[in-house]
Amino acid sequence: MCGIFGYSGKGNAPEIVVNGLKRLEYRGYDSWGIAYQKKNKIVLYKKAGEIGNFTCSRIIPKAPIAIGHTRWATHGRATKLNAHPHESVDGRFVLAQNGIVENFQELKSKLISKGYKFNSETDTEIIVRLVEDNLKKSDCLLEAVRLAFLDLKGRNTIILLERDKKHIVAVRNGSPLVLGIGGDGIYFASDTLSFADQTDRVIFLNDFEMAEYDNGKLRLFDVNSGEEILYKEKKLPQNSAGIGKEGYDHYMLKEIVEQKHTVREAVQYSQSELRPLIQAIKTAKNIYVVGAGTAGFAAGQIAFFLRKYGGIHAIELKSCEAGSYRNLFSKDDIVIAVSQSGETADTIETIEFAKEKGAKIGSVVNMIGSTITRMSDYGFLSRSGPEICVASTKAFTAQISWGLLIAKAVVGKYEEAKQSIYFLSEILQKFFDQKLFIQIQEIARRMVNIEHCFVLGKGQNSNIATEGALKIKEITYKHFEGFPAGELKHGVIALIEKDTPVISIVSNDDDKADLYSAVSEVKARGAWTIGVAKSKNDLFDDSIILRDAGIADPILNVIPFQLLSYFLGVKLGNNPDKPRNLAKSVTVK
Ligand code: M6R
């Protein structure tokens, strides 16, 4: 988590950095700060809270070089004091970090015993002091940073700005770092989106690589050996820069509505493009599908599709739990990783375990050029365009649309899956109308004071129930719980009392009767029953009626939950794009 941005060039660096940080705020928005050169000093400007509408004019003067950081707190509260960048005692350099120094305590004790003092509660200051310590042995900042970095455990990416010259040093391990090569200057950032409107020429750094920009000259080094390495520029695809709200109040609603197109984009792969992955799935001994959070539910749904339609015994694993099964991975297996950002630490770690054992890696990722894509033998993009809202919506439906295509392609029914997604996209063209919005807003109004809500699904809608509930939790901070309808009578029914809301997802499938039994059981105990269904039924007090999307039905069924999440969140006065305590890209464990 956390966003890093740096710039050096002909433009006004502080303003460019602040604008870049605004685009990186999805990575964390507890506090922020920038550092720029003024005469022979580095000036720091830091604030607790979001950047919001901050502009440099009249507060921060023009400068040719600056770095900045937007924070998701790990070590130390979200205060101005803990905000990055952090400065060396002699003011020679400032440093910002994305990650966690896992051997923080050990290093801190050593530094304290050497007489170093700390001003903040962060682990970042440890890195600053380590660099200072190395500078006592040699005056070369680049070498001091390299040696300090080698002492760090954990996934860390750092950026430094030096006082006396136009000098930026940045090092990557685990957390992303990409350079943008513009006509007028160079950008250092946590993602490409933050500068995609300025340049499409990029250099992706790999783990344990460091970049130095010294007075107009860029060089890359291997951190372990210290040797200079060659680098290759890449070109970003043309549409990478489009990240406006386009008239919507929030990104969340814009991204929900965009699903009418994005599900279609996700299946724009020809059979020959899919063939190597399909072949690998068919011949693998074990197929694991992994992801975290929403991507974890997408992984569950993709595994479901592979079992149900592909006849393949696919196993879903939560990324954070997969480490417990690392002994099971073998060279004959394939791990399919699902991720919006392609930077999720838990998922990357699972891939690393699997790769160590020689397993093949497939992936479906939204962010172009991300770490997971680059680690994959069979990398696919979900092609949803930038997803800015912290809560994932269009990436989820794109991932599972792609999963449906893969599952059907395994048994030679590629065309059937593709047509079903096209049909879903057609349904969605007329889906987002006033009537539906008003109905869901009315349900949201009646939910303002509830504490709990249960969401029931079964079979193809089981992961949809858990994802639907997660979406609402994230934005409303209310306790929504999704689970398989059949589990109800094994415990959760104890929580049902008069007016407890229960939302049930009913498709036209073999599980319909079981769903209705579960609804009867909660209704008999006074629950407020809401159906996301194909037709009305007396068992439901309220019904959200959707068209039958056939095999793509579960993809359609999640959308009313996304809308309920949005409308209820807004009604409660929450910012749906930046829910509390969350960050979009979870690059720490
Ligand atoms: O970038 P990823 O898809 O790998 O992220 C995984 C989760 O952190 C993410 O899906 C999270 O659950 C979102 N907040 C969901 O809305």
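Criteria and thresholds
Residues numbered from 1 in each chain as written. Predicted model: local features only at pLDDT ≥ 70, side-chain atom pairs only at ≥ 80, totals over all residues. Heavy atoms only, no water. Axes fitted to C-alpha atoms, helices over the stretch in contact; angles between N-to-C directions. Helix = DSSP H or I, 4+ residues; strand = E, 2+ residues; numbered from the N terminus. Parallel < 35°, antiparallel > 145°, perpendicular 65-115°, else oblique. Left-handed = near helix turned anticlockwise from the far one by under 90°. Contact = heavy atoms within 4.5 Å. Nonpolar A, V, L, I, M, F, W, Y, C, P; charged D, E, K, R; others polar. Near = heavy atom within 4 Å. Polar contact = N/O pair within 3.5 Å; in protein donor to acceptor, adjacent residues only side chain to side chain. Areas by Shrake-Rupley, 256 points an atom, 1.4 Å probe, with all protein chains shown as cover. Domains from an automatic or database assignment. Buried area = accessible area lost by both parts, 1.4 Å probe. Salt bridge = Lys/Arg side-chain N within 4 Å of Asp/Glu carboxyl O. Pairing = 2+ DSSP bridges. Expected span 1.5 Å × (residues − 1). Buried < 20%, exposed > 50% of the residue type's maximum accessible area, 1.4 Å probe, protein only. Core = buried A, V, L, I, M, F, W, Y, C linked by side-chain atoms within 4.5 Å. Right-handed = clockwise from strand over helix to strand, strands pointing away.

Concerning the packing of helix α12 (residues 394-410) against helix α13 (residues 414-429)
Thought 1: Contact geometry for α12 and α13: axes closest at 7 Å, N-to-C directions at 155°. Taken together, α12 and α13 sit at an angle that is classed as roughly antiparallel. Where α12 crosses over α13, the two elements pack in a sense that is right-handed. Here S401, L404, L405, K408 and A409 of α12 lie close against α13, whose contacting residues are Y414, E416, A417, K418, S420 and I421.
Thought 2: When its residues are assigned to classes, the contact of α12 with α13 shows 6 nonpolar, 2 polar and 3 charged.

Looking at the site of the ligand
Thought 1: Taken together, 14 residues lie around the ligand, and S339, Q340, S341, T344 and E474 are the ones closest in.
Thought 2: A distance of 2.4 Å separates an oxygen atom of the ligand from a polar atom in the side chain of T344.
Thought 3: Here the ligand loses 92% of its free accessible area of 410 Å² to cover by the protein chains.
Thought 4: By residue number, the principal contributor to the shell around the ligand is helix α8 (residues 293-308), which donates 3 residues.

What to know about the domain arrangement of the protein chain
Thought 1: Partitioning the protein chain into domains gives domain 1 (3-235), domain 2 (244-432) and domain 3 (433-589).
Thought 2: Placing a centre on the C-alpha atoms of domain 1 and another on those of domain 2 gives a separation of 32 Å.
Thought 3: Each side of the interface is counted separately: domain 1 has 11 residues, and domain 2 has 13 residues.
Thought 4: In total, domain 1 and domain 2 occlude about 1000 Å² of area from one another, counting both sides; carbon and sulfur atoms represent 55% of this.
Thought 5: For the domain 1 face of the interface with domain 2, the top three residues by lost area are R155, L193 and F204, together amounting to 47%.
Thought 6: Between domain 1 and domain 2 we count 1 salt bridge in total.

Remarks on the sheet that holds strand β25 (residues 542-545)
Thought 1: The 5 strands are arranged β22-β21-β23-β24-β25 in an open sheet whose pairing can be described as parallel. Of all strands in the sheet, those with a lone pairing partner are β22 (479-484) and β25, marking the two edges. Across this sheet, the average inter-strand angle for adjacent strands is 20°, counted without regard to direction.
Thought 2: Helix-sheet contacts for helix α15 (residues 462-476) involve β21 (452-457), β22 and β23 (501-505), and the interaxial angle to β22 is about 175°.
Thought 3: Of the strands in this sheet, β21, β23 and β24 (528-533) are in contact with helix α16 (residues 512-523), which crosses β23 at around 170°.

Comments concerning helix α10 (residues 345-356)
Thought 1: The end-to-end C-alpha distance of α10 is 16 Å, a good match for the 16 Å that 12 residues give at a rise of 1.5 Å each.
Thought 2: Most of α10 sits out of view: 9 of its 12 residues are buried.
Thought 3: Among the residues of α10, A345, D346, T347, I348, E349, T350, I351, F353 and A354 are the ones counted as buried.
Thought 4: Buried-residue contacts for α10 involve β16 (287-291), α9 (319-322), β18 (334-339), β19 (360-365) and α11 (371-375).
Thought 5: Looking one or two residues beyond α10, the residue adopting positive phi is G358, at roughly 90°.

With respect to the packing of helix α3 (residues 124-137) against helix α4 (residues 141-150)
Thought 1: Remark: α3 packs on α4, axes separated minimally by 8 Å, with the N-to-C direction vectors making an angle of 125°. On the basis of the axis angle, α3 is oblique to α4. For the element pair α3 and α4, the recorded crossing hand is right-handed. Along its contact with α3, which presents L130, V131, N134 and L135, the element α4 presents L141, A144, V145, L147 and A148.

Thoughts on the nonpolar core
Thought 1: Ranked by internal contacts, the top residues of the largest apolar core, which has 93 residues, are L306, M447, F480 and L563.
Thought 2: When sequence neighbours within four positions are dropped, the list of residues in contact with L306 reads I287, V289, G311, I312, A314, I336, I406, A407 and V410.
Thought 3: Core analysis: the next-biggest nonpolar cluster, separate from the first, contains 28 residues, F104, V169, V171 and F221 among them.

What to know about the side chain of N173
Thought 1: Within the secondary structure layout, N173 lies in strand β8 (residues 167-173).
Thought 2: Excluding its chain neighbours within four sequence positions, the residues that come into contact with N173 are F149, G154, R155, N156, T157, D207 and F208.

Quick word on the pattern of salt bridges
Thought 1: Applying the stated rule across the entire model yields 32 salt bridges.
Thought 2: One salt bridge connects E25 with K578, and the closest N-O pair in it is separated by 2.7 Å. In this pair, E25 is assigned in the loop between α1 (13-24) and β2 (31-38) and K578 in the segment after α18 (559-571), connecting sequence segments 553 residues apart.
Thought 3: Exposure remark for E25: the relative accessible area of 4% places this residue in the buried category.
Thought 4: Of the charged contacts in the structure, one is a salt bridge between R219 and E228, with a shortest N-O distance of 3.4 Å.

Focus: the pairing of β18
Thought 1: Here β18 lies mainly inside the structure; 6 of its 6 residues are buried.
Thought 2: Burial of the side chains of β18 extends over both faces: I334, I336 and V338 are buried on one face and V335, A337 and S339 on the other.
Thought 3: In the sheet, β16 pairs with β18 via 4 bridges, with the strands oriented parallel. Within the sheet, the bridge partner assigned to I287 lies in β18 and is I334.
Thought 4: In this sheet, β19 lies alongside β18 in parallel orientation, the contact comprising 6 bridges. Each residue of the ladder has a partner; that of S339, found in β19, is V365.
Thought 5: Taken together, β18, α10 and β19 form a β-α-β motif whose crossover is right-handed.

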